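# Residue-level structural notes
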Amino acid sequence: MFASAARSTAAFRGAFRPSAAFPSARQASTTTTTASPFNGDRKQALVWLTKAAAGSALLGYGLSNYVATDDRVNAVVVAAQKKAEELGFLSVAHAFSTADHGLHPPHYHWEHSKPWKTYDHAAIRRGFQVYKEVCSACHSMEYIHYRNLVGVSHTSDEAKALAEEYEYTDGPNDQGEMFQRPGKLTDAMPAPYPNEEAARAANGGALPPDLSCISRARHGEEDYIFSLLLGYVDPPAGVVVREGLHYNPYFPGGAIAMARALYDEVVEYEDGTPNNASQLAKDVSVFLSWASFPEHDERKKMGVKTIAISTILLGLSIWWKRFKWSYIKTRKIVYKPGKFDEDAGYGEASSGREEKEMTWSLFFFTCMILADAGLGRLFFPVPGSDERKLNSSRKLAADSVIYDLEDSVPMNRKGAARELVFQALEQYDIGKTEKTVRINAVGSGLEIDDLNVVLRSKYVDALVVPKVQSAKEIEFVSRMIDSIAPESSRANIRIIVCIESALGVMNIREIAQADPRIDGLLFAAEDYAADTGLMRTSGRTEFIYARQRVATAASAYGLQAIDMVCVDYQNNEILDAECREGREWGFTGKQAIHPNQLDHIQRVFSPSEKDVERANKIVDGYHEHQKKGIGAFNLDGKMIDMPVVKWAERLLAKSKMMTAKSAV
């Protein structure tokens, strides 16, 4: 061991021997004209200091495993420190000396240090007995109370009995005097000395440390305590220990005032455990480790629970990623619209007639389902701030006129627009056309003023709520209707929801069921494109998903499905294509932005005479075959079953309602 230390010492000396590459401070002052040994080269000085620090650290790590007390080693370390200070650097590397810091204790495999193990509570009880009978004569534990022992090493009655063995000063009493009383669970362990001076006087000037946190306060923790208690040996040759001290290599400096306290059979264990010195030291080390860290067991239990829950959550996350999210992430939606031919039906132009047309079942059931909601087919928005256009709206042949307070009105005209819209509601006679008002979006800060004005009129048929993203917005508008609208018209006011964002599309199911007043879902393409960053194309394929989701939700909950605006209002071919496409997908109406669009939209979304005639034949044929007990039958070479019959009944019902409305 000492040979290895000598080799390390020789290496340490060789690393700092003066040479031409690294001149000493004295050489530098006589051979150069500058005060720096590196001729002002700070980079070279930094490299040298880095090497010196690394060498010192490596040598200290090597010496930390041996007893190295050579004074010449310390002298070299001091010289290196002075060299660094001469160079003007603040960081100095220090070698580790066991003479100053004590011998590093070996590591023992304590049971409670294992990941899944707790303290040995029987060892804690025995360790407390060792402390009580041996250590408490000199050392206090002022941070440990008798109540801390309950449930750990002793029962409540046992801890009370231990506390009552001592008398504690308490008071003052009613007479203002202090008195003695038996100990309680809330009392701390009694101190062996009344004050620090008495402790020093009884121990030759040395102060016995408090043992409450001694394990955590020492490097090596229980390893150090165990080694220290059993490490008393005779001093080696050449080492002189003054009177009153004892040699222990594990104590810093090697000389300790505490004499050896643990011997074989010095304590008689209650449970019959062998009471040799090694067992006594082990048990008291476990007790002092627990005293320093009483939360040890609870923290490990919490750690086990955390790992178990995290493992379950990790498994669920992997399952969700593998079987749920990966499908959503990797799916691809492709739509290839076919070409329409008045006579042949839908399909590829190059196919035969039978291949080109769909069966009537699939065609009518999937493309021509009409909602059982209101009859609104054509919605025409009018800027609320433009009095001329408001007057012109009285002559429009639209099913519903939307007095707009939102996007078409500049911010500095919002107040004037509200008054003009209220005047139009009260004074304009627009016949059978519905009076609808589009307010500003909920959350914009303008919607409350809009509602406070327009709901005072008893002629409001419906409110259009824009940019809806959650059901709470509709619930708010409905509560405002109940609070503000006249009682005579309150129950008749309906709500049309505008879906204009990606979040609105995703939450459409909750939105469609938010309130019984909801009468329709309106899709706003331009705002949706702005929200999602879509690029507008002539084929409108970028809106397929959103439009079909709106139409499907409206059909599912019995609402009107109002299709987007055709911005190219001068191109009737594009308008017709959009209208037919919307009707095929289940939309029951469409928005218009120019009077020229009205006739085209009305024509496409109204049942044609040919459709009504076909529907009557289907219903009559169905009833006739029902009497014969036949469910599906052939009509004009096409198979007719229940889905087709339902379509025909809906179409006839809508035709009758529209006829009745026109007659009013």
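Notes on the structure follow.

Conventions used here
Residues numbered from 1 in each chain as written. Predicted model: local features only at pLDDT ≥ 70, side-chain atom pairs only at ≥ 80, totals over all residues. Heavy atoms only, no water. Axes fitted to C-alpha atoms, helices over the stretch in contact; angles between N-to-C directions. Helix = DSSP H or I, 4+ residues; strand = E, 2+ residues; numbered from the N terminus. Parallel < 35°, antiparallel > 145°, perpendicular 65-115°, else oblique. Contact = heavy atoms within 4.5 Å. Nonpolar A, V, L, I, M, F, W, Y, C, P; charged D, E, K, R; others polar. Expected span 1.5 Å × (residues − 1). Buried < 20%, exposed > 50% of the residue type's maximum accessible area, 1.4 Å probe, protein only. Polar contact = N/O pair within 3.5 Å; in protein donor to acceptor, adjacent residues only side chain to side chain. Salt bridge = Lys/Arg side-chain N within 4 Å of Asp/Glu carboxyl O. Pairing = 2+ DSSP bridges. Right-handed = clockwise from strand over helix to strand, strands pointing away. Disulfide = S-S within 2.5 Å. Arc of directions from axis to C-beta. Core = buried A, V, L, I, M, F, W, Y, C linked by side-chain atoms within 4.5 Å.

It is worth spelling out the packing of helix H6 (residues 121-133) against helix H11 (residues 277-292) at this point. At a minimum axis separation of 7 Å, H6 and H11 run at an interaxial angle of 100°. By the angle between their axes, H6 is roughly perpendicular relative to H11. Across from Ala123, Ile124, Arg126, Gly127, Phe128, Val130 and Tyr131 in H6, the residues of H11 making contact are Gln279, Leu280, Asp283, Val284, Val286, Phe287 and Trp290. Across the contact of H6 with H11, the residue classes break down as 10 nonpolar, 2 polar and 2 charged.

Turning our eyes to something else, we now look at H6. With 13 residues, H6 extends 18 Å from end C-alpha to end C-alpha; this agrees with the ideal 18 Å at 1.5 Å per step. Looking only at H6, the buried set comprises Ala123, Ile124, Arg126, Gly127, Phe128, Gln129, Val130 and Tyr131. Summarising the contacts, the buried residues of H6 are in contact with helix H7 (156-163) and H11. N-capping of H6 is provided by Asp120, with a side-chain oxygen placed 3.2 Å from the backbone N of Ala122.

As a further point, take the pattern of salt bridges. A side chain with one charge may pair with a side chain of the opposite charge, provided their charged atoms come close. A complete count under the given rule lists 27 salt bridges for this structure. Two residues, Asp407 and Lys467, come together in a salt bridge whose shortest N-O distance is 3.4 Å. With a gap of 60 residues between them, Asp407 in the loop between strand E8 (400-404) and helix H16 (414-427) and Lys467 in the loop between strand E10 (462-465) and helix H18 (471-484) connect regions that are remote in the sequence. Three or more residues are tied together by salt bridges with common partners; here these are Asp404, Glu406, Asp407, Arg438, Lys467, Glu500 and Asp527.

Moving on to the sheet that holds E10. Strand order in this closed barrel of 8 strands is E7-E8-E9-E10-E11-E12-E13-E14, and the pairing throughout is parallel. On average, adjacent strands in this sheet sit at an angle of 25° to one another, irrespective of strand direction. Across 3 bridges, strand E9 (residues 434-438) lies against E10 in parallel orientation. Counterpart to Thr436 in the pairing with E10 is Ala462. Relative to E9, H16 is tilted by about 165°, and along the sheet it contacts E8 and E9.

Attention shifts here to the pairing of strand E7 (residues 378-383). Among the 6 residues that make up E7, 5 are buried, leaving the element largely enclosed by the rest of the structure. For E7 and strand E14 (residues 589-591), the ladder comprises 2 bridges, and the chain directions are parallel. Paired with Leu378 across the bridge in E14 is Lys590. As paired elements, E7 and E8 share 5 bridges and run parallel to each other. Bridge assignment links Val382 to a residue of E8, and that residue is Tyr403. Handedness of the β-α-β unit built from E7, helix H15 (residues 387-392) and E8 comes out right-handed.

Right, let's get into the state of the cysteines. Counted under the stated rule, the structure contains 0 disulfides. In this model Cys138 remains outside any disulfide bridge; the closest cysteine sulfur is found in Cys135, 8.9 Å from its own. Using a relative accessible area of 29% as the deciding quantity, one classes Cys138 as partly exposed.

Listed as buried for helix H22 (residues 525-532) are Ala525, Tyr528 and Ala529. The arc that holds the buried residues of H22, viewed along the axis, is 100°, so those residues lie on one side. The elements touched by buried residues of H22 are helix H20 (502-506), strand E12 (518-523) and helix H23 (544-556). Positive backbone phi, approximately 80°, marks Gly533, located one or two places after H22.

It is worth spelling out the side chain of Thr433 at this point. Checked against the element boundaries, Thr433 lands in the loop between H16 and E9. Apart from the residues lying within four places of it in its own chain, the contact partners of Thr433 are Leu396, Ala398, Asp399, Ser400 and Val401.

Core analysis: the largest hydrophobic core is formed by 68 residues, its most contacted members being Tyr403, Val437, Leu463, Ile474, Val497 and Leu521. Setting aside its immediate chain neighbours within four residues, Tyr403 contacts Val382, Leu390, Ser393, Val421, Ala424, Leu425, Tyr428, Ile430, Lys435, Thr436, Val437 and Arg438. Ranked by size, the runner-up nonpolar core spans 42 residues in total, among them Leu149, Val152, Tyr168 and Phe287.

Here the focus is the pairing of strand E11 (residues 494-499). E11 sits mainly inside the fold: 6 of its 6 residues count as buried. Where burial is concerned, the two faces of E11 agree: the one with Arg494, Ile496 and Cys498 and the one with Ile495, Val497 and Ile499 are both buried. Direction of pairing for E10 relative to E11: parallel, over a ladder of 4 bridges. Across the sheet, Leu463 pairs through a bridge with Ile495, a residue of E11. Of the pairings in the sheet, the one linking E11 to E12 comprises 5 bridges and is parallel in character. Residue Val497 lies in a different strand from E12, and its bridge partner there is Leu521.

A word on unusual backbone geometry. Backbone torsion omega between Gly171 and Pro172 reads 0°, so that peptide bond is classified as cis. Locating Pro172 in the fold gives a position in the loop between strand E1 (167-170) and strand E2 (179-182). You will see that Glu265, though not glycine, has its phi angle at about 65°, which is positive. In the Ramachandran plot, Lys467 falls in the positive-phi region, its phi being about 50° despite a non-glycine side chain. Classification of Lys467 by relative accessible area gives partly exposed; the value is 31%.

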